[in-house]
Structure formats: structure tokens, C-alpha cells
Amino acid sequence: MKNKKEEYKNVNEFAREIGVDDEALWAIEQKIKMIKKMIELRKKRDLTQADLAQILGTTQSVIARIETGVSRRVSFDYLVKILRVLGVSAEFKFKELKVA
């Protein structure tokens, strides 16, 4: 691990340092993209975190934890639900991998 003065360049560097496998890293990257889109759309629609929470039937603190990355267990399903409420759908692309 790096010492306190050194910083990681990105989430990939940190994930590799702590031994996160490729599949888990992919999932993290996708969730980050979805959360960034969620924040962008919420602001574009002039909604506060509290407004969005009310629409979703949750609390502002839940939305804040998702947006700041504190909530580690947010599911893809819930992120898709949030994006749909904000007026977009999530689309995933599939790509075949080379299998040894």
C-alpha cells in the first residue's frame, strides 16, 4: 500500500493495489458511471437530493450516500430504477472474451 503522502491516480490503481479482480473492477466502474449520470440528471432537472428521495420513497441521506460513494452496497437494479425515474434507461453492451 502507498503511504499517506502518495495518492492513487485513479480507482483502477487503488483496486489493483488491494487485489480487486477484473470482474469486480468492471462492476465498480459501471456503478461509478451510473452514479455520475444520476447526479448530472438530478441537477439538470433541478431536483435536490431530498426531491429525488421523495420520488423514490427513500431519504435524502440515502441519496447522499449513493452520490458520495459511501453506500457500497447499492445494487445495479436500484441505480437503474433511479435513472429511469430521472428519464433515462441504462444500456449494457456485451462483448465476448477470449477464453483460454
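These notes cover the structure that comes with them. Since this is a predicted model, take the numbers as computed values, not measurements. (Residues numbered from 1 in each chain as written. Predicted model: local features only at pLDDT ≥ 70, side-chain atom pairs only at ≥ 80, totals over all residues. Heavy atoms only, no water.)

For the chain, the helix and strand inventory stands at 5 helices and 0 strands. Scanning the chain from its N terminus toward the C terminus, one meets helices and strands in the order α-α-α-α-α. Relative to the globule expectation of 13 Å for 100 residues, the C-alpha radius of gyration of the chain, 16 Å, shows a markedly less compact shape. If one aligns the C-alpha atoms of the chain with their principal axes, the spans along those axes are about 45 × 40 × 20 Å. Counting all 100 residues of the chain, 24% fall into the buried class. A separation threshold of at least 6 residues defines the contact pool for the chain, and within that pool the share at least 24 residues apart is 48%. Within the structure as shown, the chain displays about 8,000 Å² of accessible surface, and the carbon and sulfur contribution to it stands at 52%. For the chain, the distance from the average position of its 21 positive side-chain charges to the average position of its 15 negative side-chain charges is 3 Å. (Helix = DSSP H or I, 4+ residues; strand = E, 2+ residues; numbered from the N terminus. Rg over C-alpha atoms; globule rule 2.2 N^0.38 Å. Buried < 20%, exposed > 50% of the residue type's maximum accessible area, 1.4 Å probe, protein only. Contact = heavy atoms within 4.5 Å. Areas by Shrake-Rupley, 256 points an atom, 1.4 Å probe, with all protein chains shown as cover. Lys, Arg positive; Asp, Glu negative; His and termini not counted. Charge placed at Lys NZ, Arg CZ, Asp CG, Glu CD.)

Now for helix 2 (residues 22-44). In this model helix 2 runs 33 Å from its N-terminal to its C-terminal C-alpha over 23 residues, within 8% of the 33 Å that 1.5 Å per residue would give. Buried residues of helix 2: Leu-25, Ala-27, Gln-30, Lys-31, Met-34, Ile-35, Met-38, Ile-39, Leu-41 and Arg-42, and no others. Against the buried residues of helix 2 lie helix 1 (11-18), helix 3 (49-56), helix 4 (60-68) and helix 5 (76-85). Directly after helix 2, the chain includes Asp-46, whose backbone phi takes a positive value near 55°. (Expected span 1.5 Å × (residues − 1).)

There is a patch of nonpolar side chains on the surface, built from Val-11, Ile-28 and Ile-32 and spanning about 180 Å² of accessible area. By the secondary structure assignment, Val-11 is in helix 1. A relative accessible area of 34% means that Val-11 is categorised as partly exposed. (Patch = residues over 30% accessible without salt bridge, like charges linked within 9 Å, V, L, I, M, F, W, Y side chains within 5 Å. Salt bridge = Lys/Arg side-chain N within 4 Å of Asp/Glu carboxyl O.)

Quick look at the packing of helix 2 against helix 4 now. Put simply, helix 2 and helix 4 touch, their axes get as near as 9 Å, and they point 125° apart. As the angle between them shows, helix 2 and helix 4 are arranged oblique. Across the interface between the two elements, Ile-35, Met-38, Ile-39 and Arg-42 from helix 2 touch Ile-63, Ile-66 and Glu-67 from helix 4. Taken together, the residues of the contact of helix 2 with helix 4 break down into 5 nonpolar, no polar and 2 charged. (Axes fitted to C-alpha atoms, helices over the stretch in contact; angles between N-to-C directions. Parallel < 35°, antiparallel > 145°, perpendicular 65-115°, else oblique. Nonpolar A, V, L, I, M, F, W, Y, C, P; charged D, E, K, R; others polar.)

All right, on to unusual backbone geometry then. One non-glycine residue, Asp-46, lies in positive phi territory at about 55°. Tracing the chain through its elements places Asp-46 in the loop between helix 2 and helix 3.

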